[in-house]
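The lines below spell out each chain.
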Amino acid sequence: MLRFGLLISFCFLISSVWAQKKIAITVDDLPGVTQFYRSPNGKTEMNQRLIRHFTTHRVPAIGFVVSQWLYGNDGLDPKQVNVLKIWLDAGLELGNHTFSHKDYTVISIPEYQDEVVRGEQITKQLVEQRGQPFRFFRHPFLRKGETPAKKDSLEQFLARRNYREAPVTVDNYDFMFSQAYDNALLKGDTATAAAVGRQYLDYMTDYVRYYEAQSDSLFGRPIPQVLLTHANTINAAYMGALLDRLAGRGYTFVSLDEALKDDAYRSADRYIGKGGISWIHRWALTRGKKGAFFKGEPEVPASITQLAEEK
């Protein structure tokens, strides 16, 4: 009876931990980076496909806008701006990803501050017209500054403008798979494109599993994860399948705001450097974790890299 009781307790503990698994889905680079859907109408179609995955799975995703990409040769492109309206019509949130996606580690503080301000102008107006909050900022390349002065200056500037930083715990290279997928589609090679899609799902599942283990090791418990993805071709095609896999691993989908309520996101981040890395790794380095802690990160298969780099 004692063994049976322990088994029941163990099963209850496992099921409780499983039920606590939460993940927020974030999408960078709106209105999109794609070689396959090149035209404004194509970008609209790509985003509509992506959004359908979110609405079908009831995912409160957030998209981060690079405002320069809302313009065409003749000024502001209404079709690109309409992409943002489609996101908002679906009940999804939008945030600021700067004006032109510059790397903070290679430009000055004033230039980057200008990037932030110019990046918010169109999107913020659209959001606030609907009575919604415009509150999150996502760092291009996940870079916050290569010196303490630049990092501190940025954090203070964002706070003054009432932004909350949008961290990432599950970093990845989904854009490499999308470049490979684009190249296969542009060649009319649907078999290779499908193979890229299957590898992508395995890769992303492995990445989530890797960061699950990292957060368990760092905090001794599951934390709500924040997944980085991009508005691109492969996610327009495979996001639904990815969401199915995440649900199959026991995840429920939450907003970024909900995920950030966890105390883990108040952990100290004293990482200074040119690398754009996961917040889990920022927190780990701040706590003095060494090389062994970081081993096992999934790699992009060489075949995907080769296909992605084809011209």
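Residues numbered from 1 in each chain as written. Predicted model: local features only at pLDDT ≥ 70, side-chain atom pairs only at ≥ 80, totals over all residues. Heavy atoms only, no water.

- Going by what an unreviewed UniProt entry lists, the protein chain is known as Polysaccharide deacetylase family protein and is assigned to Larkinella insperata.

## Describing the side chain of His101
Move 1: Within the secondary structure layout, His101 lies in the loop between strand E5 (93–96) and helix H4 (109–129).
Move 2: Separated by 3.2 Å, the side chains of His101 and His97 make a polar contact.
Move 3: Those residues in contact with His101, other than ones at most four positions away along the chain, are Asp29, Val66, Trp69, Glu115, Pro140 and Phe141. (Helix = DSSP H or I, 4+ residues; strand = E, 2+ residues; numbered from the N terminus. Polar contact = N/O pair within 3.5 Å; in protein donor to acceptor, adjacent residues only side chain to side chain. Contact = heavy atoms within 4.5 Å.)

## Description of the packing of aromatic side chains
Move 1: Tallied over the full model, the rule gives 18 aromatic pairs.
Move 2: Judged by centre distance (5.7 Å) and plane angle (55°), the ring pair of Tyr173 and Phe175 falls under tilted.
Move 3: Ring geometry for Tyr207 versus Tyr210: centroids 6.4 Å apart, planes at 90°, classification edge-to-face. Of this pair, Tyr207 and Tyr210 both sit in helix H7 (residues 190–219), 3 residues apart, roughly one helical turn. Comparing Tyr207 with Tyr210, the two get one shared label, buried.
Move 4: Through successive ring pairs, a cluster of aromatic residues spans Phe177, Tyr200, Tyr203, Tyr207, Tyr210 and Tyr211.
Move 5: Above the ring of Phe99, the side-chain terminus of Arg118 is found at 3.8 Å from the ring centroid. (Phe/Tyr/Trp six-rings, centres within 6.5 Å; stacked < 30°, edge-to-face > 60°. Buried < 20%, exposed > 50% of the residue type's maximum accessible area, 1.4 Å probe, protein only. Lys NZ or Arg CZ within 6 Å of the ring centre and 35° of its normal.)

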